[in-house]
Amino acid sequence: MSAYHLLLITLFSASLLTGCQPEAAPPAVSCYYWKSAFDLSPTEREWLEMHEVERLYVKYLDVDVENGQAVPKAPIRFTDPAYKDFEIVPCVFITNRTFQATVNPEDLAERVWKYLQEINSASHLSPPAYQLDCDWSPTTQAAYFRFLARFRQLAKGHTLTATIRLHQLRYPEQTGVPPVDRGVLMYYNMGEVQNVEEPNSILNTQTAAAYLTADMQYELPLDYALPMFSWVLAYRLGELHAIINQGVCRELDTLAAATAIGPNQYRMQQNAYFGNHYLNRGDQLRCEAPTVADLETAIDQLKQIDNHCEHLLFYHLDENLSYAFPKNLPQRLADRLTTP
């Protein structure tokens, strides 16, 4: 057999092997738990079991500024032993203004780390990873990244992740890339919540499209977080008056004091309470939630990023998930992410 024929056979065999490579496995479905007390309802337990969720990203505490000092707020309380059935990833939400104050980033990292370990110790938890959530700005980048660098030293042996917003994904040369192991792209809250004309500030795929390009790359491997929540925004005299969390549109349909004026939009015809908020006659309401089509479009947009997502996260676990979204939707979206 000639060298030429041997070369053809080798190339043909290689092409067969390449063509038979298995597709990337879909990411694991994970979920955020963003309440100050961990206490699963029967409905929430059922939802987690149905979707075979093994990992929960639990907000351990907030960090904000009071009297010029960074202080922890709303620490988690594990009141339900069901947390032992899950892999728990502690999350810390830090306001951007924390790093605008005169705080020592390294000292803050050590204090936050110590606080987290006290919670872990009391709950007998050994987390595999930690997540830090801060929408940093150009003026706070240096301080926040120093905080992350010190936290990463303290968390040696654990995976450290940081949340990434769309503008940070699109313009890393201006915003910098955080010194962590992985990023979590927050693919929601991308619209103008203050704008009474905004169609959907939770998930506006047209807005998101402007931040993405074909074969986009980022220096960190990324997991993705999608929204599974709703709220009602109340506007008074054209300005945002209140955010009524987990407001349900069907409740607005039965609110005698409100009249529909458009898709998911209502106007108060008389003063009344809704969602523990007192609303005035003339207030305009907009109910927002991602649709299934929105979420599918979001997945298709995320495919443009040259990246292998390991966890597809959903924000956040709540009673409303059981009836607001179709069953098995999270897994369908995870499968769609790896489907050509």
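Above this text is the structure in question.
Below you will find a few notes about this structure. This is a predicted model, so every value here is computed, not measured. (Residues numbered from 1 in each chain as written. Predicted model: local features only at pLDDT ≥ 70, side-chain atom pairs only at ≥ 80, totals over all residues. Heavy atoms only, no water.)

Another aspect to go through is the packing of aromatic side chains. With the rule as written, the count across this model stands at 24 aromatic pairs. Both rings, one in Trp136 and one in Phe145, keep their centres 5.3 Å apart while their planes meet at 65°; by these two values the pair is edge-to-face. Given the relative accessible area of 13%, Phe145 is considered buried. Here the aromatic residues Phe99, Trp113, Tyr130, Trp136, Tyr144, Phe145, Phe147 and Phe151 are joined through ring pairs into a cluster of three or more. (Phe/Tyr/Trp six-rings, centres within 6.5 Å; stacked < 30°, edge-to-face > 60°. Buried < 20%, exposed > 50% of the residue type's maximum accessible area, 1.4 Å probe, protein only.)

Before going further, it helps to examine the packing of helix α9 (residues 292–302) against helix α11 (residues 329–337). Remark: α9 packs on α11, axes separated minimally by 9 Å, with the N-to-C direction vectors making an angle of 25°. Comparing the axis directions of α9 and α11 gives the class roughly parallel. For the pair α9 and α11, the sense of crossing is right-handed. Residues Val292, Leu295, Glu296, Ile299, Asp300 and Leu302 of α9 lie in contact with α11, whose contacting residues are Leu329, Arg332, Leu333, Arg336 and Leu337. Here the residues of the contact of α9 with α11 sort into 7 nonpolar, no polar and 4 charged. (Axes fitted to C-alpha atoms, helices over the stretch in contact; angles between N-to-C directions. Helix = DSSP H or I, 4+ residues; strand = E, 2+ residues; numbered from the N terminus. Parallel < 35°, antiparallel > 145°, perpendicular 65-115°, else oblique. Left-handed = near helix turned anticlockwise from the far one by under 90°. Contact = heavy atoms within 4.5 Å. Nonpolar A, V, L, I, M, F, W, Y, C, P; charged D, E, K, R; others polar.)

Turning our eyes to something else, we now look at helix α4 (residues 141–154). With 14 residues, α4 ought to run about 20 Å at 1.5 Å a step, and its terminal C-alpha atoms sit 20 Å apart, in line with that. Its buried side turned inward, α4 meets β6 (87–94), α3 (105–123), β7 (129–133), β8 (159–164) and α6 (172–175). (Expected span 1.5 Å × (residues − 1).)

Below, the discussion takes up the pairing of strand β10 (residues 222–227). For β10, a buried count of 6 out of 6 residues is recorded, marking the element as mostly surrounded by other parts of the structure. Residues of β10 alternate between two faces, with Leu222, Tyr224 and Leu226 on one and Asp223, Ala225 and Pro227 on the opposite face, all of them buried. Of the strand pairs in this sheet, strand β9 (residues 182–186) and β10 are connected by 4 bridges, and their pairing is parallel. Bridge assignment links Val184 to a residue of β10, and that residue is Asp223. Relative to strand β18 (residues 311–315), β10 runs parallel, the two being bridged by 4 bridges. When the bridges of β18 are listed, Tyr224 appears paired with Leu312. (Pairing = 2+ DSSP bridges.)

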